[in-house]
Amino acid sequence: ARTCAGVAVATPDSWEEGIPGGLSGVSQLIDISGCQFVHSPLVTATLNGKSTGNPTVSCPAVYTVSHTENTFEVKVVGEASLLDVELAGCTVHWVAQGFVCSL
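Within any chain, residue numbers begin from 1 and follow the written order of that chain's sequence. Restriction of local features to residues with pLDDT of at least 70 applies here, the model being predicted, together with a cutoff of 80 or more for giving and counting side-chain atom pairs; totals for whole chains, interfaces and linings are based on all residues. The side-chain figures draw on all heavy atoms in the structure; neither hydrogens nor water molecules are used.

Going residue by residue along strand β4 (residues 42-48), you find Val43, Ala45 and Leu47 tucked away on one face and Leu42, Thr44, Thr46 and Asn48 left uncovered on the opposite face. Pairing analysis gives 7 bridges linking β4 to strand β7 (residues 91-98), with the strands arranged antiparallel. Following the sheet pairing, Val43 is matched in β7 by Ala96. The classification of residues rests on relative accessible area computed with a 1.4 Å probe and restricted to protein chains. Under 20% of the type maximum is buried, over 50% is exposed, and intermediate values are partly exposed. Going along the chain from the N terminus, every DSSP run of H or I of four or more residues is numbered as a helix, and every run of E of two or more is numbered as a strand. At least two bridges found by DSSP between two strands is the condition for calling them paired.

Taken in spatial order, the 3 strands make up an open sheet running β1-β7-β4, and their pairing is antiparallel. Pairing within the sheet leaves two strands with one partner each, and these edge strands are β1 (2-8) and β4. Adjacent strand axes in the sheet meet at a mean angle of 15 degrees, parallel and antiparallel pairs treated alike. For helices, the fitted line uses only the C-alpha atoms of the stretch in contact; every axis is such a line through C-alpha atoms, and the angle between N-to-C directions lies from 0 to 180 degrees.

This next bit is on the environment of Glu86. Relative to the helices and strands, Glu86 is located in helix α1 (residues 82-87). Remark: the alpha-carbon pair of Glu86 and Ala8, spanning 78 residues in sequence, is separated by 13 Å.

All right, on to the side chain of Gln28 then. Its place among the elements puts Gln28 in strand β3 (residues 23-31). If we ignore the near neighbours within four places in the chain, the residues touching Gln28 are Ala8, Ser14, Trp15, Phe72, Glu73, Val74 and Val92. Contacts are assigned to residue pairs that have any heavy atoms within 4.5 Å of one another.

In this structure, Trp15, Ile30, Phe72, Val74, Val92 and Trp94 are the most contacted members of the largest nonpolar core, which totals 22 residues. Elements supplying a minimum of two residues to this core: β1, β3, β4, β6 (71-76) and β7. Setting aside its immediate chain neighbours within four residues, Phe72 contacts Gln28, Leu29, Ile30, Ile32, Val43, Ala45, Thr64, Val65, Ser66, His67 and Trp94. The definition of a nonpolar core used throughout is a set of buried Ala, Val, Leu, Ile, Met, Phe, Trp, Tyr and Cys residues joined through side-chain atoms within 4.5 Å.

In this scheme Phe, Tyr and Trp rings, the latter by its six-membered ring, pair at centre separations within 6.5 Å, and the angle between planes marks the pair as stacked below 30 degrees, edge-to-face above 60, and tilted otherwise. Across all of its chains, the model carries 1 aromatic pair by this definition. Ring centres of Phe72 and Trp94 lie 6.0 Å apart, and the angle between their planes is 70 degrees; on these two criteria the pair is classed as edge-to-face. With Phe72 in strand β6 and Trp94 in strand β7, this pair connects stretches of sequence that are 22 residues apart. The residues Phe72 and Trp94 share a single accessibility class, namely buried.

Structural data, given as structure tokens:
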């Protein structure tokens with residue numbers, strides 16, 4: 001088994017509004033292909049942002065969906081908008097645990 005971790009740095013194009021399948025919300029697709037998993041790993045993710053001095057601007061809670069061995073998607077919980085996560089400079093900090101050889 002392997003544990004792999006990383007940070008997806010916030011860029012103007014890293015977050016998307018609207019999710020494939022018609023669901024509303026804000027999401028980001030994270031590439032974990034460098035971890036070389038052979039099956040979908042267990043992924044934990046959280047957000048961290050910059051201090052803005054404004055208590056109403058912060059990174060929202062997230063959950064992960066659509067796991068494959070090469071990618072996972074982070075979805076924002078609640079009504080946060082694309083502008084909210086961009087203003088807060090939200091970066092995704094993640095840890096993935098999975099297998100790198102087939103049994």
